[in-house]
Amino acid sequence: MGDDIPLSFDASVDAIKRVLPINLQSPRVGIICGSGLSGIVNVFRDVVLIPYENIPGFSTSTVPGHKSTLAFGLLGSGEGVPVVAMLGRFHPYEGHSLSSVVYPVRIMAKLGIKDIIITNAAGSLNPSIPVGTIVVIQDHLALPNLTGMNPLLGPQTSKDLPRFLPLSDAYSPALRRLVFLAAHQLQLDDSALAEGTYAWVSGPTYETPAEGRFLRRVGADVVGMSTVPEVLAAREEGLNVVVLSLVTNFVVIPETYRSIKEEVQAELAGKKVELPQAQVVSHAEVLAIGQEKAGILMKLVESVVDSL
Ligand SMILES: O=P(O)(O)O[C@@H]1C[C@H](O)[C@@H](CO)O1
Ligand SMILES: Nc1nc2[nH]cnc2c(=O)[nH]1
């Protein structure tokens, strides 16, 4: 893990506000863009882009598909809603400390957002949730949290925050409702959206078949390497949270392994053996599906913001 960052909320907020026109200084909604999903900035109006390197306390993202830019603008019809979007996030596997990972969420809260829309690319563990589906997350399963990798461990950033945060209502039913209503308004096919549970793993390795089977059996529908730390910080800051996971790949979870022992025995007995093609997930595949489906996800986000 990277070194912890000194807390400098005021310095960060000042550096941001200094370059913003008055109408963008108090954004209403925060958006976090997952792998390959930063295109939403293209539909912002009055855009102001601030590189993370210009904001004290912010780290830099090192992952392809993640820019390191905070984008402010107006989103939606009419006058538009002032929003702030992270074009690129931080993951613990990059070496960022958990407090660095969630620092931008705390800054967005200090800037005044009330709602946060968090997106990510994720692998599907559920055969009825195919690639390309947008999963509206209703719950999470975070083994790292349960075993000591929790961004809320340690001294709190303010004595006003709750020490023991309940998570039974972490994913806002009201915002999830708005997502499904927005999908209806956009005339998306019924199969475009699903509901499910997100498993957070640290990465950067993708799952072994046994790990995939395990996560499926304990109740996860999709799996990814981000989001949950941000959700925890957002809830601690009192924000309403909605998470949209774009399924970019299937996690390969065969119920049975092909037996090398049997194959060798068959070969030795002179039988012809057909080897199945191994399926391997890659970040390039994740980005490609992200690029293909980003348009729908962005329209959905815009429509939700419009209906707030
Ligand atoms: O930032 P997100 O969660 O969208 O990125 C996913 C998880 C890993 O960072 C990467 C793996 O391909 O994509
Ligand atoms: N852990 C994990 N993260 C992902 N992000 C996108 N796809 C995947 C996946 O299959 N597994």
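- The name recorded for the protein chain in an unreviewed UniProt entry is Purine nucleoside phosphorylase, from Hebeloma cylindrosporum.
- Quoted verbatim from the Function (unreviewed entry) field of UniProt, the annotation for the protein chain is "The purine nucleoside phosphorylases catalyze the phosphorolytic breakdown of the N-glycosidic bond in the beta-(deoxy)ribonucleoside molecules, with the formation of the corresponding free purine bases and pentose-1-phosphate."
- Within the UniProt record for the protein chain, the comment given under Sequence similarities (unreviewed entry) is "Belongs to the PNP/MTAP phosphorylase family."

### Things to note about the nonpolar core
Right, so step 1: In this structure, Ala85 and Leu244 are the most contacted members of the largest nonpolar core, which totals 79 residues.
Right, so step 2: For Leu244, the residues in contact, after removing those within four places along its chain, are Ile117, Thr119, Ile134, Val136, Val179, Leu297 and Leu300.

### Notes on the site of ligand 1
Right, so step 1: The environment of ligand 1 is made up of 13 residues, and the closest members are Gly34, Ser35, Asn120, Ser226 and Val286.
Right, so step 2: Contributing elements (two or more residues each) for the shell around ligand 1: β5 (115-124) and α8 (283-306).
Right, so step 3: Along the lines of polarity and charge, the residues of the shell around ligand 1 split into four nonpolar, eight polar and one charged.

### A word on the pairing of strand β9 (residues 240-250)
Right, so step 1: Most of β9 is tucked away, with nine of its eleven residues classed as buried.
Right, so step 2: With ten bridges connecting them, β5 and β9 associate as parallel partners. Each bridged residue has a counterpart across the sheet, and for Ser124 the counterpart in β9 is Phe250.
Right, so step 3: In terms of strand pairing, strand β6 (residues 134-142) meets β9 through three bridges, oriented antiparallel. Across the sheet, Ile134 pairs through a bridge with Leu246, a residue of β9.

### Observations regarding the site of ligand 2
Right, so step 1: Lining the immediate surroundings of ligand 2 are 15 residues, of which Ala121, Gly123, Val223, Gly224 and Val286 lie closest.
Right, so step 2: Of all elements in the fold, only β5, β8 (222-224) and β9 reach the threshold of two or more residues within the shell around ligand 2.
Right, so step 3: The biggest single contributor to the shell around ligand 2 is β5, with three residues.
Right, so step 4: Classifying every residue of the shell around ligand 2 by side-chain character gives nine nonpolar, five polar and one charged.

Criteria and cut-off values
Residues numbered from 1 in each chain as written. Chains lettered and ligands numbered in written order. Predicted model: local features only at pLDDT ≥ 70, side-chain atom pairs only at ≥ 80, totals over all residues. UniProt positions renumbered as here; feature names shortened; annotations may be inferred. Core = buried A, V, L, I, M, F, W, Y, C linked by C-beta atoms within 7 Å. Buried ≥ 20, exposed ≤ 12 C-beta atoms within 10 Å, placed from the backbone. Contact = placed C-beta atoms within 7 Å. Near = placed C-beta within 6 Å. Helix = DSSP H or I, 4+ residues; strand = E, 2+ residues; numbered from the N terminus. Nonpolar A, V, L, I, M, F, W, Y, C, P; charged D, E, K, R; others polar. Pairing = 2+ DSSP bridges.

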